[in-house]
Amino acid sequence: MEEKQFSGILNGAVPGEPVKKDENSRRGNWGNQIEFVLTSVGYAVGLGNVWRFPYLCYRNGGGAFMFPYFIMLVFCGIPLFFLELSFGQFTSLGCLGVWKVSPMFKGVGYGMMVVSTYIGIYYNVVICIAFYYFFMSMTNLLPWTYCNNPWNTPDCTGVLGTSRANTTFANVSAVMSGLTEIVNRTKRTSPSEEYWRNYVLNISDGIGNFGEVRLPILGCLAVSWVVVFLCLIRGVKSSGKVVYFTATFPYVVLTILFIRGITLEGAVSGIKYYLTPQWEKILDAKVWGDAASQIFYSLGCAWGGLITMASYNKFHNNCFRDSIIISVTNCGTSVYAGFVIFSILGFMAHHLGVDVSEVADHGPGLAFVAYPEALTLLPISPLWSLLFFFMLILLGLGTQFCLLETLVTAVVDEIGTDWIIKNKTYVTLGVAIIGFLLGVPLTTQVSNKNTLAHEKKLIMVTTTIFLKNYLVLALKYVSPTPKQLINRFLPLQRLKNSVKPDPDWGPALQEHRKGRYATTGPESVEVCPLKEDLKDEGKEKLKETEDEIGLTIPGSNGSTLNPSPSA
């Protein structure tokens, strides 16, 4: 008995409560709270922590940016994070079901699903690019090291000069390479950039020319979706075990890269560039805006993922504690990643004899151009490249797990039948297949140019396709006419009801419905585990009621007689 109680405490149960394997047996729970925390950390700590925060930090005043960043964390990030966790945990519902609190705002839930869909499609394309670079790093010489490849242009200038295969005029070529670098430094194109643009993406000549699907990228995209599906094949039961590795190993890689980076010449100058405060920039409203946007973007607030993950918690879990742990871990990871990135970039700038600002970049430009080029300068560069891109894959997968689970949970909760809950795996498979198909256009030559090269252009291209192929049909065949809108929203009673909670709003389990959420009448009876027990209990209560009421018979003198049941 004591062993079962101890196991229940580890699983998030409150001492004294009945210990169950799953508190919500119909929907399921996390195996333990460590799984939830690791999953949420993996969701929050993503690619943006590595390729977005360090750039924002040095662009917005270095160490001075930390002040508005942590102010926004304390007063905006953590409260909203805690709100979403509480919302999901209280109702045990996903981003659609929670809006039973006020059905009028259910559109917010659909908006969360749209955001998760949109980001999920894009995110997995980035993961597939990381997979591609990971596979290409399994070689003795990284393919973006030199400029003597078919995809290189005359403007290409490598940081290592010519290929080691060309040994006849090695010394002369090295001198000429140095002179060329000095002359063309202002228009220098690195081999890593040309490898990225001309070989990996093979960018077309314009947005009107879609070109062809890049088959290697398409294959890696399929690999990405297969990995995500397999990790989510049993929902949180399987993903909760996977995150023990995917959420922790990136920190091992970051630490290895950090130790290697700070031992390089020029690393200190890169870190100084990253941290040197420019206090005058604190007065710039744009700096505060960037700090707020990074907090919301990094924590994943309002995407539906936090509500979804918390919905699988046990009812009495301390989500306030979890919100602080996860939020602080996320922001600490961002700062730590800045040291890793700028130590290597400082070494690269020192090697080229330029300022750190000339080699610093953000987004895909940092992950697939600047940092890979810096890695070519290290001994055993393929090893460091493998570690770096494996870290990117894990960081991306941690976020992708939650994005996909958000969509699946929303669909399953909305339908809510026993069949859909039992066959949730097929829903996951269907969503993964649809996500893969929607990602195929992003593997074309034009989409690569306008999505992965610049994150903002992804929004433009995908939104254009969406508006052209979907909204036109929706406006023509689905949208209500003005007359229908008037008839729908004019009745004041309907509007009044739309802001009232649904009758079944509240905790999912009857045992937790207390106070204002307690039901009255027959629904307040606690449900027994077995149907036979419920029948026996009902019979006993019915017999007791009959014994108490009895039969009232008026007497001749005006009195009443209550004969015994035997009479």
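Residues numbered from 1 in each chain as written. Predicted model: local features only at pLDDT ≥ 70, side-chain atom pairs only at ≥ 80, totals over all residues. Heavy atoms only, no water.

Peer 1: Residue-level account of helix α15 (residues 319–352), with values.
Peer 2: Helix length check: α15 (34 residues) gives 49 Å between terminal C-alpha atoms against 50 Å at 1.5 Å per residue, within 8%. Where α15 starts, the residue carrying a side-chain oxygen 3.4 Å from the main-chain nitrogen of Phe320 turns out to be Asn318. Once α15 ends, the next one or two residues include Gly353, with phi positive near 75 degrees. (Helix = DSSP H or I, 4+ residues; strand = E, 2+ residues; numbered from the N terminus. Expected span 1.5 Å × (residues − 1). Polar contact = N/O pair within 3.5 Å; in protein donor to acceptor, adjacent residues only side chain to side chain.)

Peer 1: Give a detailed account of the packing of aromatic side chains, specifying residues and quantitative values.
Peer 2: Per the stated rule, a full pass over the model turns up 41 aromatic pairs. Ring geometry for Phe53 versus Tyr69: centroids 4.8 Å apart, planes at 50 degrees, classification tilted. Taken as a pair, Phe53 in helix α4 (residues 53–59) and Tyr69 in helix α5 (residues 66–91) lie far apart in primary sequence, 16 residues in all. On the accessibility criterion, Phe53 (0% relative accessible area) is buried. Look at Phe245 and Phe390: their rings are 6.2 Å apart centre to centre, the planes differ by 50 degrees, and that puts the pair in the tilted class. Linking Phe245 in helix α10 (residues 236–246) with Phe390 in helix α17 (residues 381–415), this pair joins segments that are 145 residues apart in sequence. On the accessibility criterion, Phe245 (40% relative accessible area) is partly exposed. On the accessibility criterion, Phe390 (23% relative accessible area) is partly exposed. Joined through ring pairs, the aromatic side chains of Tyr132, Tyr133, Trp144, Trp151, Tyr195, Trp196, Tyr199, Phe368, Tyr371, Phe388 and Phe389 make up one cluster. (Phe/Tyr/Trp six-rings, centres within 6.5 Å; stacked < 30°, edge-to-face > 60°. Buried < 20%, exposed > 50% of the residue type's maximum accessible area, 1.4 Å probe, protein only.)

Peer 1: Now, about the pattern of salt bridges: what can you tell me, with residues and values included?
Peer 2: Considering all chains together, one arrives at nine salt bridges under this definition. For Asp290, the salt bridge is made with Arg59, and the minimal N-O distance between the two is 2.8 Å. You can see Asp290 sitting in helix α13 (residues 285–299) and its partner Arg59 sitting in helix α4, a full 231 residues away along the chain. On the basis of relative accessibility, which here comes to 11%, the residue Asp290 falls in the buried class. The closest approach of N and O atoms between Lys106 and Glu414, which form a salt bridge, is 2.6 Å. Residue Lys106 is found in helix α6 (residues 106–136), and its partner Glu414 is found in helix α17; the two are separated by 308 residues along the sequence. Among the residues examined, Glu414 registers a relative accessible area of 36% and is labelled partly exposed. Members of the salt-bridge network, linked through shared partners, are Arg59, Lys286 and Asp290. (Salt bridge = Lys/Arg side-chain N within 4 Å of Asp/Glu carboxyl O.)

Peer 1: Lay out the packing of α13 against α15 with the relevant residues and their values.
Peer 2: In the contact formed by α13 and α15, the axes pass within 11 Å of each other and the chain directions differ by 115 degrees. For the element pair α13 / α15, the angle class is roughly perpendicular. In the packing of α13 onto α15, the handedness of the crossing is right-handed. From α13, Ile295, Ser298 and Leu299 reach across to α15, where they touch Ser327, Asn330, Cys331 and Ser334. Taken together, the residues of the contact of α13 with α15 break down into three nonpolar, four polar and no charged. (Axes fitted to C-alpha atoms, helices over the stretch in contact; angles between N-to-C directions. Parallel < 35°, antiparallel > 145°, perpendicular 65-115°, else oblique. Left-handed = near helix turned anticlockwise from the far one by under 90°. Contact = heavy atoms within 4.5 Å. Nonpolar A, V, L, I, M, F, W, Y, C, P; charged D, E, K, R; others polar.)

Peer 1: Can you tell me about the environment of Tyr336, naming the residues and giving the values?
Peer 2: Along the chain, Tyr336 turns up in helix α15. In this structure, the C-alpha to C-alpha distance between Tyr336 and Asn49, residues 287 residues apart in sequence, is 9.1 Å. Once residues within four sequence positions are removed from consideration, Tyr336 is found in contact with Leu254, Thr255 and Phe258.

Peer 1: Requested: an account of helix α8 (residues 191–200), with residues and values cited.
Peer 2: Inspection of α8 places Pro191, Ser192, Glu194, Tyr195, Trp196 and Val200 among the buried residues, and these make up the whole buried set. Against α6, α9 (215–231) and α16 (364–375) lie the buried residues of α8. Phi turns positive one or two residues past the end of α8, at Asn202, with a value near 50 degrees.

Peer 1: Give me the environment of Met112: which residues, what numbers.
Peer 2: Locating Met112 in the fold gives a position in helix α6. According to the relative accessible area criterion, Met112 is buried, its value standing at 7%. In this structure the C-alpha to C-alpha distance between Met112 and Cys301, which are 189 residues apart in sequence, comes to 9.7 Å. Sequence-distant contacts of Met112, defined by excluding residues within four places in its chain, comprise Cys95, Trp99, Ala302, Trp303, Gly304 and Ile307.

Peer 1: So what's going on with the side chain of Thr406? Residues and values would help.
Peer 2: Here Thr406 shows up in helix α17. In this structure, Thr406 is in contact with Cys95, Ser116, Trp303, Gly304, Gly305 and Thr308, ignoring residues within four places of it in sequence.

Peer 1: With reference to specific residues and values, describe the state of the cysteines.
Peer 2: Scanning the entire structure with this criterion turns up one disulfide. Sulfur of Cys331: no disulfide; nearest cysteine sulfur belongs to Cys301 and is 10.0 Å away. For Cys331, a relative accessible area of 0% gives the class buried. (Disulfide = S-S within 2.5 Å.)

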